[in-house]
Amino acid sequence: MSQKAIDVFRSCIPLFTTLSDPARQDIILLLAEHESLSVGEIANTSSLSRPAISHHLKILKDNRLVQMERKGTMRFYSLALETSVSQLKALVDIVESDCMG
């Protein structure tokens, strides 16, 4: 395996770690069904507390899976998957060329 393949794979580790948590998976799936939701709206669909939801949203935001928009005092979250999808496509491409070639 080339150093580039290793680097691409390792660059995806934070994304895989973020996506490995069921609570974050649930938030992503919920946001996929809505244009945007507030922390309260997300919490209303979950058994997790608002602070726990906020914690998971911060991790998702830090890993560029969601984006946040302020409207007055409210914060609304929506999916922002472009960067992650590009990262995963790069991984698939490098694995196909380096490992399956």
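First, a word on scope: everything that follows refers to the structure included in this document.

Criteria and thresholds
- Residues numbered from 1 in each chain as written.
- Predicted model: local features only at pLDDT ≥ 70, side-chain atom pairs only at ≥ 80, totals over all residues.
- Heavy atoms only, no water.
- Helix = DSSP H or I, 4+ residues; strand = E, 2+ residues; numbered from the N terminus.
- Rg over C-alpha atoms; globule rule 2.2 N^0.38 Å.
- Buried < 20%, exposed > 50% of the residue type's maximum accessible area, 1.4 Å probe, protein only.
- Contact = heavy atoms within 4.5 Å.
- Areas by Shrake-Rupley, 256 points an atom, 1.4 Å probe, with all protein chains shown as cover.
- Lys, Arg positive; Asp, Glu negative; His and termini not counted.
- Charge placed at Lys NZ, Arg CZ, Asp CG, Glu CD.
- Axes fitted to C-alpha atoms, helices over the stretch in contact; angles between N-to-C directions.
- Parallel < 35°, antiparallel > 145°, perpendicular 65-115°, else oblique.
- Nonpolar A, V, L, I, M, F, W, Y, C, P; charged D, E, K, R; others polar.
- Pairing = 2+ DSSP bridges.

**A look at the overall build of the protein**
A count of helices and strands for the protein gives six helices and three strands. The linear arrangement of helices and strands in the protein, starting from the amino end, is α-α-α-β-α-α-β-β-α. For 101 residues, the compact-globule formula gives about 13 Å, and the C-alpha radius of gyration of the protein, at 16 Å, lies well above that figure. Taking the principal axes of the C-alpha coordinates as reference, the protein spans close to 50 × 25 × 20 Å. Counting over 101 residues, the protein shows a buried share of 31%. Across the protein, contacts joining residues at least 24 apart in sequence account for 54% of those joining residues at least 6 apart. About 6600 Å² of surface is accessible on the protein, with carbon and sulfur atoms providing 54% of the total. Mean positive and mean negative side-chain charge positions of the protein (11 and 12 charges, respectively) differ by 9 Å.

**Describing unusual backbone geometry**
Even without being glycine, R64 reaches a positive phi, approximately 60°. Among the secondary structure elements, R64 is positioned in the loop between α5 (50-62) and β2 (66-71).

**Some points on the packing of helix α3 (residues 22-32) against α5**
With their axes 10 Å apart at the nearest point, α3 and α5 run at an angle of 80° to one another. Judged by the inter-axis angle, α3 sits roughly perpendicular to α5. Residues A23, R24, I27 and I28 of α3 touch α5, and the partners they reach there are I53, H56, L57, I59 and L60. Of the residues contributing to the contact of α3 with α5, the split by class is seven nonpolar, one polar and one charged.

**Topic: the sheet that holds strand β3 (residues 74-79)**
Spatially, the three strands line up as an open sheet ordered β1-β3-β2, and their pairing is antiparallel. Looking at which strands have only one partner, the edges of the open sheet turn out to be β1 (37-38) and β2. Contacts between α3 and the sheet are confined to β1, β2 and β3, with β3 contributing the most and set at about 90° to the helix.

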